[in-house]
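Tertiary structure, described
One letter stands for each residue in the lines below.
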Amino acid sequence: MFLSKNICILVVLVILVENIFSYNHRAKHKPQRHRASFAYREDFLDEHAHAHVHELEQILKESESSEGVHVKHHIRHHHEVTPWPVKKEAVVEGDIVLGGLMMVHEREDSITCGPIMPQGGVQALESMLYTLDRLNNGDSTGTLLPEIKLGAHILDDCDKDTYGLEMAVDFIKGSISNIDGAEYSCNKSQVRKVISGVVGAASSVTSIQVANLLRLFKIPQVSVILSTSPELSNKQRFEYFTRTIPSDHYQVKAMVDIVKLLGWSYVSIIYEESNYGIKAFEELEDLLAEYNICIAIKEKLVKDSGVADEIAYDSIVQKLLTKPRARGAIVFGSDQEVAGVMRAVRRNNATGSFSWIGSDGWSARSLVSDGNEAEVEGTLSVQPQANPVQGFEEYFLNLNVENNKRNPWFVEFWEHHFQCLYPNSSRTPYNQNYKKMCTGKEQLSKQNTVFEDQLQFVSDAVMAFAYAIRDMHLELCKGRPGLCDAMKPTKGTELLKYLRKVNFEGLSGDRFHFDQNGDGPARYNIIHFKQTTPGKYKWVRVGEYHEGELRLNMQEIQFKLAHPKPPESVCSLPCDLGQAKKYVEGESCCWHCFNCTQYQIRDPFDETQCKECLPGTVPDALHVRCVDIPEEYLQPTSAWAIGAMAFSSTGILVTMFVCGVFIRHNDTPVVRASGRELSYVLLAGIFMCYAVTYALVFRPSDVVCGIQRFGAGFCFTVVYAALLTKTNRISRIFNAGKRSAKRPSFISPRSQLIICAGLVGVQVLINAVWMVISPPKAIHHYPTREDNLLVCSSYIDASYMIAFTYPILLIVICTVYAVLTRKIPEAFNESKHIGFTMYTTCVIWLAFVPLYFGTANHVAMRITSMSVTISLSASVTVVCLFSPKLYIILIRPERNVRQSMMPMRYSAINKSTTATTNSGAGSMMAAVTLTAATCNQKNQIQKHVPPGSTEEKDGDSGIKPELKDSSTQTNGYIAPPPSAAAAANGLTASPNNNAAPNEEHPARVNNNYNNGPILPIKGDL
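Just so you know, the residues in each chain are numbered from 1, in the order the chain's sequence is written. The predicted origin of the model limits local features to residues at a pLDDT of at least 70 and limits the giving and counting of side-chain atom pairs to 80 or more, whereas totals for whole chains, interfaces and linings rest on all residues. Only hydrogens and water are set aside when side-chain values are computed; all heavy atoms of the structure are taken into account.

Turning our attention to the packing of aromatic side chains. The rule is short: rings of Phe, Tyr and Trp, with Trp giving its six-membered ring, pair when the centres are within 6.5 Å, and they are stacked under 30 degrees, edge-to-face over 60, tilted in between. Per the counting criterion, the structure on display carries 25 aromatic pairs. Where Tyr-130 meets Phe-392, the ring centres are 5.9 Å apart and the plane angle is 70°; that geometry is what we call edge-to-face. Here Phe-392 lies in helix H14 (residues 392-397) and Tyr-130 lies in helix H5 (residues 118-137), a separation of 262 residues in the sequence. The residues Tyr-130 and Phe-392 share a single accessibility class, namely buried. Look at Phe-662 and Phe-882: their rings are 5.4 Å apart centre to centre, the planes differ by 70°, and that puts the pair in the edge-to-face class. Here Phe-662 is found in helix H18 (residues 639-664), whereas its partner Phe-882 is found in helix H25 (residues 859-891), with 220 residues between them in sequence. Counting from the N terminus, the helices are DSSP H or I runs at least four residues long and the strands are E runs at least two residues long. Throughout this description, buried means an accessible area under 20% of the type-specific maximum (1.4 Å probe, protein chains only), exposed means over 50%, and partly exposed covers the range between.

Residues Met-102, Met-128, Phe-396 and Phe-410 are the most contacted members of the largest nonpolar core, which totals 74 residues. Taken together, the elements giving at least two residues each to this core come down to strand S1 (90-92), strand S2 (96-102), H5, strand S5 (150-156), H14, helix H15 (410-418), helix H16 (455-476) and helix H17 (492-499). With 13 residues, H16 is the single largest residue contributor to this core. With residues up to four places along the chain from it excluded, the contact list for Phe-396 reads Val-122, Gln-123, Glu-126, Phe-410, Phe-413, Leu-444, Thr-449 and Phe-451. By size, the runner-up hydrophobic cluster in this structure holds 60 residues, among which are Met-645, Val-670, Val-760 and Phe-882. Here, nonpolar core means buried Ala, Val, Leu, Ile, Met, Phe, Trp, Tyr and Cys residues that are tied together by side-chain atoms lying within 4.5 Å of each other. Any pair of residues with heavy atoms lying within 4.5 Å of one another is described as a contacting pair.

A word on the pairing of strand S18 (residues 549-552). For two strands to be treated as a pair, DSSP must find no fewer than two bridges joining them. As judged from the 4 bridges shared by strand S17 (residues 536-546) and S18, these two strands associate in the antiparallel manner. Bridging across to S18, His-546 finds its partner in Glu-549. Between the antiparallel neighbours S17 and S18 lie 2 residues, among them Glu-547 with a positive phi of about 55°.

The strand order across the open sheet built from 8 strands is S10-S9-S11-S12-S13-S16-S17-S18, with neighbouring strands paired in mixed fashion. The outermost strands of the open sheet, each flanked by one partner alone, are strand S10 (294-302) and S18. The sheet shows a mean angle of 25° between the axes of neighbouring strands, direction not considered. Two elements, strand S13 (residues 380-384) and strand S16 (residues 523-533), share 5 bridges in a ladder whose sense is antiparallel. Residue Gln-383 lies in a different strand from S16, and its bridge partner there is Asn-525. Note on method: axes are straight lines fitted to C-alpha atoms, helices fitted across the in-contact stretch only, with angles between N-to-C directions ranging 0 to 180 degrees. Sheet strands touched by helix H8 (residues 248-261): strand S9 (266-273), strand S11 (328-332), strand S12 (355-358), S13, S16, S17 and S18. Its angle to S11, the strand with the most contacts, is close to 170°.

Distances and angles like these do not, on their own, reveal function.
Structure (C-alpha cells):
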C-alpha cells in the first residue's frame, strides 16, 4: 500500500518537474508555440488539482513516515549518480513562513553542486536570517508585525535551474496538503506549514523555472541579486514574480551609454547561453543598432561551462582576435564562465588586447579577477546600486559554528574559509583534502572576509514581505495583534496585491518600491577595475546610472596604469573632410575612404556619395560645403566702365552742344536746309545712344535688363528712322522730278515726323511683344564651372539681335538710299553725308559682331564693346551729318545764307504761257527754273535777269513762268528741277528769302534732264 502511494506521489512530482523543465528548455528555441502549450498544462493542473487534493493529502501525510524518507531520497536523487549533495534546510519557526532559495553552493558540471559560495551564497542566506531577526526582535521595527513572527524555510539551489526547481517543490507541498482548510481538520502537529512567499532565486535562469512552478499555486516570489533578465518583467507570464533588483533592460542601456561615451563604434559581444544572457544580448543588439554601433563578433558562453574544456574558451578568444580593431568587448555572463574567458586570454597572449564592459553577473567577483588581474584590468562594469545592510557586517563577523546552528551550511563555509576540517563534520568532495583540523577558535574579521556588495537586495526582499503582511494585517485583521482567521493561511493573490504597493526605507537606508513591472528601482553604480599602484588592483566606483542618466568621472578611469585615454574601438577611422565612404561588403561599420572630385563635396545626407556643387558654387578648401562664387558683372568703378561712360559722357555733351547751336540758329538757312524737325529727332536718338551706356554698366536687375533690352534697339531705331526719312524724301523728290511736274506727296515737315514716328512705332511694338513673351530677367550664367556671371537673360544667347534686327533693317535701307542718291548735285550733298554715315556704321557693326560673340566669358569686355559700338555709331552720325553744318554756322557764318545753300546764276528765261483746257483746273503756274551749282564752282553758271520782270510772291501770285525748252547745255550737267532743288534743301523758291528786292530768279533749265518737265514751286515746303 505504502509503495503504491509513494510511487503515485513520485510520478506526480516528477511529471510536474519534468514538464516545467521541458517547457523552459524548449522555450529557448520556440517560445511562442510552447508558451501556449504551457498555458494548457497550467489550466489542466488548475482544473484537476482540487479533484485529487484529498488523495494527495493522505499520500503526503503518510510519506512523512520512514517510508516517506525513501521517497524524498528517491526524488532528490532521481538523476544523480553521486550521493552529493546532502539535502539540507535552514528553518526558522514562525506564524508566517517565507521560503528561501539561495545559491549556497557554486554550479558544477561533473556533480550536482560545486563548492560553497561564501559571498553570494552564505552571506545572502545570513542576510535573510539577519533581517528576520531584526523584524522578529523588534529592533527599530518593534510595531511592524504585532505578535506575528516571521519564519523561514531556506534551501540551496546550487545555482542550477533544474536542481533549484527540484528544491522548490518543497515550497508547494504545504499548499497542496492544506487546500480547502484541511489544516484545521487534522492534527496540527502533522500539518506542513504553508509557504506564504519565496525569497529567491538568485539567478535569472533558476528564477524563471521556479516562477513557473509557484505561479500554479499562487505563491508570490521576490527574487534577488542576479535575477535581472528582462523576460521576468512580463507579468502575463510571471504574474506572481517580483524582484528587488532592476531589470537588465536598464543595465543594457547603461552599458550602451558607456560605449557611446567612450566613442566606440565597433565592439564584440560575449553572452551567456541562458535566459539571462540571451535576453540581454537581444536588447543589446537593438540598442547598439539604434546608435549605429556595430557588432564585430558575437559569441555564446555555454551555461555550466565553467569547467568545460579550455579549447571552447580559446576558440572564443581567437575569434575576437580576428577583429583587432574591435578593442571593446561587452561580456554578459556569470562569474564562472567569464573566469574561463580571462584564462583563455592569458593563454593566447592577448592580455591587454581588449577592454571589457562587464555585467553584474561577474564584475566585482573575486572568482573572475583573482589570478587574472592583468586580463581584467580596465574593466568598466555596471552593478545595481546597493548600500551595506546596517549592522550586518558586525553580525556576520561574530558568527561561528557554535552559535550558528540554524545555518546547516555554515560548517562548510567555515572549513572553506579557514581551509581546515571541522571535527565531526560531514564529508564533502571539497573538504577531503584538508589536513588541518579546525579548533573552533578561528575568528572572522574584516581582514580575512570579503563581503558581498548586493546583500541589500536580499534584505529588501524580506522587508517587502514584512511590509506587505503588515498592510494586509491592518486591513483584514483591523489591527488586532496576531493572525486573524482571514489570514489563516495567507492567500497569495491578496498578499501579492499588498506586496506591489510597498514603499519603505530598508535596513540599508535607501527608499524602496516596486515599479509598474514589479522590478526594483533602476539604480546602478559604475565600477572600474584599475591598477592603483604597480601590481595592486582593486574595484573602484567611478560613476552612476540613475533614472536613465549616466554620470561618469572620466578622470578616475585608466585602462592601463598611467594611460587614462580610452582605447580606440572602431572598424574604420572617420574619413577626412571631403571624402566619402565605400562600405566593406557585409560590414556596416567598416569602410574605405575615397576623395570627392574637384567640384564635389560629400553628400550631407548620404556619407557614401559625393555631391556635385550646383552651378555658381564651388567646394570650400576642405570640401565640406559648397560656397557661392562671387558674382561677376561690370562694376561701375572698373576701368572698362569708366572708359565707356567717359566716352558716352563726351558724346552727350557734344550732342547737347549741337542741339543748343541748332536751337540758337533755328531759323538760319543751314538749319532750315537740314530739316529742322528731323534733325532734332536725330539728335534725340543720338543722345539716347550715348545714354544707354549707363544702363549697360549698372548692376543687372530685372528693371535694368528691361531698360537695356528696350533702349539698345530703340535709340538706333530713332536715329535711323530719321535718316531713312531724310534719304527717302530726297530720293522721292528727285525721282518725281524725272517723271512729272507734280509735287511728291508727304514731303512736308509734319509728314516727315509722322513717317519717322511710324517707323519708330514698329520697334516699340516689337519690344512690347518681346517683353510679354520673354520678360527681361537678371540671371546667373555659368559659361564655365568657375564662372558666375550676373547678366541679363538675353545676354547668354543671340536674343539681343531681336532688338537690333529692325534697326539693322533700317540701316540697310538707309544705305541703299544713300547709294541711290549718290549722284545728285553737289549742292544737295547731305545725301552723300548720310551715305558716308551708313557705310561707316556698317563697318563698325560688322566689327562688333565677332567681338561680341567672341568675348562671351569676359563680361566687362563684352558690355564695354557693346556700349562703345553704340556710342561710336552715334558719334559717326554726329560727325558726318552735323559737323559740316556747325562749320558753316560757327566758323563761316557768311555762308549761312540762301545763296550759299543754292549758289545759282540766272540765265535767259523765256516766258511762255500754256493755256489749260480742263474745266475748273485754271492755269498752271509757271515754274521758276534754277540752275544748281556745285560747291567748288567748277561749272559755269550764267545768270540772266530779264528787264521788267516782276517779283515772285508767296502763295498764288498769278505769276506764270513760261515753260521753255532749251537745246543748249551750258553747265556740263543736268540740273534738277528747281522745285526739287528747293525741296531737297528744305527751302522754298520764294525770292523773299534772303533775296534782293525786285530781283527775279528765273533759271534756265536744260531739257536734256531726262526730258522731264519743270516742277512748279508753290510756297514753303
